[in-house]
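Examination of the molecular architecture
Letter by letter, the chains look like this.
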Amino acid sequence: MKILEDKIIKEKVYIHKYGNGLELLIIPKKGFINKLLMFGTRFGSIDNKFVINGEKVELPDGIAHFLEHKVFEEKDNSVVLAKLSALGALTNAYTTYDHTTYFFDTIDNYEECAKILFKCVQSPHFSEDGINNERDVITQELQMYNDDENSKVYMNLLESMYSNHPIRIDIGGTVDSVKNIDKDILYKCYNSFYNVSNMVVCVCGDVDIDETISFIGSLIPNKIQKVDLKKLSPVEPKKILQKKIVAKMDIHTPLLAIGFKDSNISLRNNDERIKYDISVQIVMDMLLGKSSNLYKELYYDNLLPGRLTLEYLYVKDVAYAIMQMSTTNPELVIEKLKNEMKSISFDENTFQRIRKTLYGEYIKEFNSISNIGMTVFADYMRGINTLDYSENYEKISFDDVKQVFNELFTEENMCVSIVEKKEK
Amino acid sequence: MQLKKYDIENNITFHYLKDDKYKSNVISMFLTVPLLRESVTLNVLIPSILKRGTQKYQDLQAIEISLENLYGASFGTSVDKFGNNQVLKFYIETVKDSIVNDNIFEKSLDSFLGLIFEPYLENGTFKQEYVQQEKELLKIAIENKINDKMNYAFNRCIEEVCEEENYGLYSLGYINDLIDVNNAILYNQYMYILKNAKIDILISSDMDEKYVLKCVKDRLNYEILKFRNIIYQPKATYISSTNNEKNIVEELDVIQGKLVLGLTIKEIEKFDTYDILLLNTILGIESNSKLYRFVVEKEHLAYEAISAFIRNTNVLLVETGIDIVSYDKAITVIKKQLNDLEKGNITKEEFNGSKNVLMTLYKTTNDSAFRTISYYANQSIMNTNITIEEAINKINNIKLKNVINVAKAIKLNTIYFLKNRGAK
């Protein structure tokens, strides 16, 4: 068993690997009454091409998400969700770019809930009728996002930034692409990816380590199923596909998303990825964070009436930084940002202060069972140990940050997406 | 977990939650005043103007830098409707002193009180430039209410149901109100609030209670707080039942229709609040609810279908996003669920399972400082004194007939539908 520890914030993550390949993460949280259990697989929306036992498979868009919806259906058509709720567990599932996870949090009936969840994830039942019904539900989910301007501006940005990488496709696919999903392809995906050796369990709460290891062990098969699986990665050029995209929707104030394509992610090891992540966040805060000169200027010009989010996202072979905001004049904001990128001189005191701020925010993540569990789980799925972040806040130097700025925040890597008001 | 409650000088209530499990301290202040047509917009402007500058930090950049220096203290505000009241909420969250070996708590308390009680003034009033700008930004925010279509539909339905009541006022106020606002008017309103609001200060930290209480008392020696006269409305908003259901159909450019049903509960004072909350849970909170099981799972009309009981009112809402052509079907299915509740068609599983869900929601409040604080602040505003544990106990003892009695008192008031332009 591997134990990771952060002595300053007093957090530990225990990692146990079973004989059949399943990995278990335990995050003990003394004093909390709620327990979170997550059971997930390394199968997300970007895993759309792979070779299984020598056969090459290409998947319809949105299938990982479709499969996530279907796993909750049992043989007798009863739906597992209601059973878990009735026991007092709050249950859900989600699909990301690189993984799918099923989870619940509960205070009572933890073991019983775990048994139900494990059973349904390990023995789902797909029928044509059930698939057709679920397609209607998923269509409504996709249409809900199609009406959402924030999701539109974000998706358009990725679609313009990437030429080949499946990150440019919505996790849920499209209303058309989900029409091509049938029973056979769902079973093929399930059999390829939902093998315990490709899966991870995470338990977060006031639990005993040994008991948890033996309890989870009792819910999974001992046998190792041999699957020869190879995910195929697309070849993605460094160049941005289309530098600018504009859409129109029935909204009032326009939305703007500015992306920076990071093409060097595959060259970095895990430690370097963590450092890069923190550095990009520092750069973005220094450029456009609430204490920056640019933010002040935009705010005083009434250009930032709503929320501003600054985010860096990375998974195995794809990474980008994104600045998203509601703004009365997207073109002017783009111009001002470009000017700021040319003229900014970074100040070391500001760097120190922002680094401290981000460290404080990292610590605050550990306030809630679901935040901790989900962060640790998502990081683990992309090969990262969350607790390694702590010491890297210290390690980052002012020079690292300047280097990241020069490398990533260039006009060449930049792409913009705007959603404007539709004139009637 | 119960908060210790003290009445301190000047008609201020102090609540303290001693905790050892979170990484952060939370300091919050709730200022409660009556929700009135003439002051709704002005009150929304108050936190916005306070965030612009304090006597110590004269603009928003200086404020932000001071917060960043406290390991990224997060300061937030909101102005919410609660029954017949409008509540101005202020929060600051900081990393605990014990983690970073610094006296963050006292420094953050100074910043927090500075932001509320020591605004930046010129010639004895708010700075003209700041007021003009915040008016402009609020105008944009109000215009943006159409952006989030589901939320827009939800608010529009409340507006229709509460046509005659102040609760129907739009939470951000009205553009026309802004025209005549100047710095003197806004400053007067600010003084009025400090003089007349019900003030609750709620703090969660790991420090000694006496020390925290002293820290607060020592600092609350502002002249304006002397001889306060509290004006607020603990009584709930009550909407009379109607026999004329309203049918409202509006059009915006949407792909998916947004359907909201506004319901009222007749003679609500006859029922225990927890009976109503349990009814709401059986109807539409989790995946074992009637709405989820029938609207989503059985009829696959939607991705989500939920109900919400608006606390401190007698209004219950049902909302869902559907294909525009499914309008009639969706209404039939939703009405059937309400009818089944009234007729007592509630299975044992539904009843007990929903009790479990509701109890879980209450129990998990104890795992979040923000939720615990919010719970007790609401208790204080409603002038009730029920602990979380007592609430759980009450839920556990609810009889089926109580829920049926509530269901019998439910009357449909408004059906609101947002559909695409030009649709039949």
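Attention in this report is confined to the structure presented alongside it. (Residues numbered from 1 in each chain as written. Chains lettered and ligands numbered in written order. Predicted model: local features only at pLDDT ≥ 70, side-chain atom pairs only at ≥ 80, totals over all residues. Heavy atoms only, no water.)

Comments concerning the pairing of strand β10 (residues 257-265) of chain B
Successive residues of a regular strand alternate their side chains across the two faces of the sheet. All names here are of chain B. Burial within β10 is extensive, with nine of its nine residues counted as buried. Along β10, one buried face is formed by G257, L259, L261, L263 and I265 and the opposite face, lined by K258, V260, G262 and T264, is buried too. Here β10 pairs with strand β12 (residues 315-322) via eight bridges, running antiparallel. By the bridge assignment, T264 is partnered in β12 with V315. As paired strands, β10 and strand β13 (residues 410-419) are joined by eight bridges and run antiparallel to one another. Along β13, the bridge assignment pairs I265 with I410. (Buried < 20%, exposed > 50% of the residue type's maximum accessible area, 1.4 Å probe, protein only. Helix = DSSP H or I, 4+ residues; strand = E, 2+ residues; numbered from the N terminus. Pairing = 2+ DSSP bridges.)

Considering the pattern of salt bridges
Pairing between side chains of opposite charge can happen when their charged atoms approach one another. As enumerated under the stated definition, the model contains 57 salt bridges over all chains in all. When the shortest N-O distance is used, the salt bridge between A:E407 and A:R268 registers 3.9 Å. One end of the pair, A:E407, is in helix α14 (residues 398-408); the other, A:R268, is in the loop between β12 (255-262) and α8 (270-288), and 139 residues separate them in sequence. What makes A:R268 buried here is its relative accessible area of 11%. Among the salt bridges present, the one from B:K127 reaches B:E129, with a minimum N-O distance of 3.6 Å. Accessibility expressed as a relative area gives 18% for B:K127, which makes it buried. Connected through salt bridges with shared partners, the residues B:R156, B:E159, B:E160, B:E163, B:K246 and B:E250 form a single ionic network. (Salt bridge = Lys/Arg side-chain N within 4 Å of Asp/Glu carboxyl O.)

Quick notes on the packing of helix α9 (residues 293-300) of chain A against helix α10 (residues 330-343) of chain A
Residues and elements named next belong to chain A. α10 packs onto α9 with a crossing angle of 155° between their chain directions and a minimal axis gap of 11 Å. As far as their axial angle goes, α10 and α9 are roughly antiparallel. In this structure, α9 crosses over α10, and the sense of that crossing is right-handed. Every residue of α10 that contacts α9 at L294, E297 and L298 is listed here: V333, K336, L337 and E340. (Axes fitted to C-alpha atoms, helices over the stretch in contact; angles between N-to-C directions. Parallel < 35°, antiparallel > 145°, perpendicular 65-115°, else oblique. Left-handed = near helix turned anticlockwise from the far one by under 90°. Contact = heavy atoms within 4.5 Å.)

Topic: empty space enclosed by the protein
In the structure shown here, the tally under the stated rule is six cavities of 30 Å³ or more. In this structure, the largest cavity occupies an estimated 80 Å³ of space. Here the residues of the lining of the largest cavity sort into eight nonpolar, four polar and three charged. (1 Å grid on protein atoms, 1.4 Å probe; cavity = no way out; pocket = protein on both sides within 12 Å on 5 of 7 lines; lining within 4 Å. Points joined across faces, edges and corners; volume = space filled by probe spheres on them. Nonpolar A, V, L, I, M, F, W, Y, C, P; charged D, E, K, R; others polar.)

Remarks on the interface of chain A and chain B
On the side of chain B, 65 residues touch chain A, which itself brings 64 residues to the contact. In total, about 5,600 Å² of surface goes out of reach between chain A and chain B, with carbon and sulfur atoms giving 55% of it. Looking at the side of chain A facing chain B, the largest losses of area belong to A:Q140, A:D147 and A:D250, adding up to 12% of the total buried there. Across the pair B:D253 and A:K422 runs a salt bridge, and its minimum N-O distance is 3.5 Å. If you look at where chain A meets chain B, you find 41 residue pairs in polar contact (both at pLDDT 80 or more). Of all the secondary structure elements, the ones that give two or more residues to the side of chain A that touches chain B are α2 (80-86), β7 (90-95), α4 (128-146), α9 and α11 (348-364) of chain A. Each residue belonging to the side of chain A that touches chain B can be placed in one class, and the counts come to 25 nonpolar, 21 polar and 18 charged. (Buried area = accessible area lost by both parts, 1.4 Å probe. Polar contact = N/O pair within 3.5 Å; in protein donor to acceptor, adjacent residues only side chain to side chain.)

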